[in-house]
Amino acid sequence: MRDIMVPMPFEKLINQCLTEYRTKKSLFDVKTVTTADQNKKMEFCWRDLETPLGVAAGPHTQLAQNIVACYAGGARFIELKTVQRMFGEELGIQKPCIRANDEGYNVEWSSELHALEAMNEYIRAWFATKVVAKEFNLGDPDAFQFNMSVGYDLAGIKTEAVDGFLNGLNDASNTKVFQECKEYLLNNLDLFDNVDAEFVNSISAHICNTVTLSTMHGCPADEIEKIAAYLIEEKGFNTFIKCNPTLLGYEYVRKIMDDMGYDYLSIDNHQFEVDLKFDQAVKMIKNLIELSKNKGVKFGVKLCNTMPVEIKHEELPGNTMYMSGKSLYPLAISLAKVLGEAIGEGLEISFSGGADKNNIDEIFEAGIYPITVCTTLLQPMGYEKLGKLYEQLCKVEYPTERKLDLAKINELVEKVRTDKNYCKSEAQRKKTDEHIDYRGTSEKDNLKCKVLCQTCIRVCPNRANTFIETTEGKILLHIDDSCNECGNCQYLCIQPCLPYRDRLTYFSSRAMMEESENKGIAILGDKYLVRLEKEIVEYTYDELSDFMKSVVDSIKKTHSYLI
């Protein structure tokens, strides 16, 4: 198994969008495709939004197909995965790196792509999302937003790579990939029913006017204000700082975690000592609000970053993992309370700390938006949850004036302490105590699931799992190019197995196949590379077994865009 993702060529990306939606009414296996309510629209940083629902910087916003899937589900605010000076193997990300079977944990951080490669991927996603919005009448193509996320030090942000990323997404008109995407669409207008030359030429090159500064992973406390000031003054961006839950102080965090059933979490006091302190944060925020007013841009905070906890039982590889989801929510909403009280109701807050179906409408009612989700999408039903979240927020009256409801936020802080949706129950605690460690349970000898529940398809952020019909019934098909071996699917597999290692894998080339040990197939013209044991064997179609013929026939019929 290789753990390196391969960005999808733009032509292939568009082909899959068109073919899959027209034949299955789905987009990257998101079956609940949301059509926006034309009567609901709001403004954020002087641009339109059909909903404040978004997807947080993370595994769902790293590849173009993920971003299209987010939009298809109903998200309209896409916080692009964080970029920094480091990428790829430099990051030292151990695999598996994501575990979200109850509260979430990860050991990943920024994009695995080089900053400029990430820029190219986000530009491809921008065009593709515009196209699906227009072609399939899913919403106003100008009423969704991309938000950049960068870290973690000023010197890194000023490097040629990250500076090029910022400049390229601020105005992509002179980038090669923007011109290539536009040219492809103009040269292939016959593929579309609703996309014409006028529309393609109207696609804005000004992709992002907002940026979120991530302050995790050792971002120097005394440098945060300098970075934000640089983004506001020198780059002219509407800027949000992603704050860390450590602002609440060790005693508060330890007590609320203990009271809510998370007493098993090992939280290191040292992280609180080195991170930005609350009083420093308040002073900094006030300074930056004033600076942003003088520069004519917006400033706010994003609540909140993940919480570092020590790995004690091999839940994931390494020494420290980062907590998210339902256990982070009480910390994030508490941070909204204390910052709102310290700064005032005019503080702009966007939210990402454990938002889900049980709290998202109340967070919005409290004047906090956009609201981005992540962990809930890594759990059963995955991207399919976005449609319901969209509907929930549509029922809330959209604001005409930006203002925090501090009383409402205080109510949420008090409510969460005993809310069964966020406290750790005895039953859940038992499952935690009986957890399978990160090595999981492998089942390489059987390509067929006992029950094809499709959970691994839905919870994969990279859309790397799908299913096909064969002579032996429906089987899982793993897509090698899209997988970075995050491992989330293994923690939610009911069999259990390691879907990204144990199931039949589709490879785009011999080279990719040779880098893996997975059983699988590559379709290369009229040649078929198959590995069911150790060796790769080349066949003609007639030489294939009946089972492998049915695999090929199914891929060609229902997943031709993979070839």
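Residues numbered from 1 in each chain as written. Predicted model: local features only at pLDDT ≥ 70, side-chain atom pairs only at ≥ 80, totals over all residues. Heavy atoms only, no water.

K.L.:
What is the right way to look at the overall build of the protein chain in this model?
P.N.:
In terms of helices and strands, the protein chain carries 21 helices and 20 strands. The C-alpha radius of gyration computed for the protein chain amounts to 23 Å, which stays within 12% of the reference 24 Å derived for 563 residues, consistent with globular compactness. When the backbone C-alpha atoms are referred to their principal axes, the protein chain occupies close to 75 × 60 × 45 Å. Counting all 563 residues of the protein chain, 61% fall into the buried class. Contacts in the protein chain between residues far apart in sequence, at least 24 positions, make up 73% of those at least 6 positions apart. The protein chain carries 66 positive and 85 negative side-chain charges, and their two centres are separated by 3 Å. (Helix = DSSP H or I, 4+ residues; strand = E, 2+ residues; numbered from the N terminus. Rg over C-alpha atoms; globule rule 2.2 N^0.38 Å. Buried < 20%, exposed > 50% of the residue type's maximum accessible area, 1.4 Å probe, protein only. Contact = heavy atoms within 4.5 Å. Lys, Arg positive; Asp, Glu negative; His and termini not counted. Charge placed at Lys NZ, Arg CZ, Asp CG, Glu CD.)

K.L.:
Where do I start with unusual backbone geometry in this structure?
P.N.:
Glycine aside, residues mostly have negative phi angles, and peptide bonds mostly take the trans form. The linkage connecting Lys95 with the following residue, Pro96, adopts the cis geometry, with an omega of 0 degrees. Secondary-structure assignment places Pro96 in the loop between β4 (77-79) and β5 (98-99). Note the cis peptide between Gln495 and Pro496, where omega equals -5 degrees. Inspection of the secondary structure assignment puts Pro496 in the loop between α18 (488-492) and α19 (499-502).

K.L.:
In this structure, what is going on with the pairing of strand β10 (residues 299-303)? I would like to understand it.
P.N.:
One face of the sheet, then the other: side chains in a regular strand alternate in exactly this way. The element β10 is largely enclosed, with a buried count of 5 among its 5 residues. Burial along β10 is two-sided: Phe299, Val301 and Leu303 facing one way and Gly300 and Lys302 facing the other are all buried. Note that strand β9 (residues 238-243) and β10 share 5 bridges and pair parallel. What sits directly across from Phe240, in β10, is Gly300. Relative to strand β13 (residues 349-351), β10 runs parallel, the two sharing 3 bridges. When the sheet's bridge partners are listed, Val301 is paired in β13 with Ile349. (Pairing = 2+ DSSP bridges.)

K.L.:
Looking at this structure, I do not really get helix α1 (residues 10-24). What am I missing?
P.N.:
For an α-helix, the turn length of 3.6 residues means that residues three or four places apart are oriented alike. Look at α1: 21 Å from first C-alpha to last across 15 residues, which is about the 21 Å you get at 1.5 Å a residue. Of the positions making up α1, those classed as buried are Phe10, Leu13, Ile14, Gln16, Cys17, Leu18, Glu20 and Tyr21. On its buried face, α1 is in contact with α2 (64-73), α3 (115-135) and α6 (176-187). A positive backbone phi angle near 60 degrees is found at Lys25, which sits one or two residues after α1. (Expected span 1.5 Å × (residues − 1).)

K.L.:
Sorry, what's going on with the sheet that holds β5 here?
P.N.:
In a beta sheet, neighbouring strands are held together by backbone hydrogen bonds and run either parallel or antiparallel to one another. If you trace the 4 strands from one edge of the open sheet to the other, you get β5-β6-β12-β11, paired in antiparallel fashion. Each edge of the open sheet carries a strand with a single partner, namely β5 and β11 (307-310). Where β5 and strand β6 (residues 104-106) come together, 2 bridges link them in antiparallel fashion. Directly across from Ile98, in β6, lies its bridge partner Asn106.

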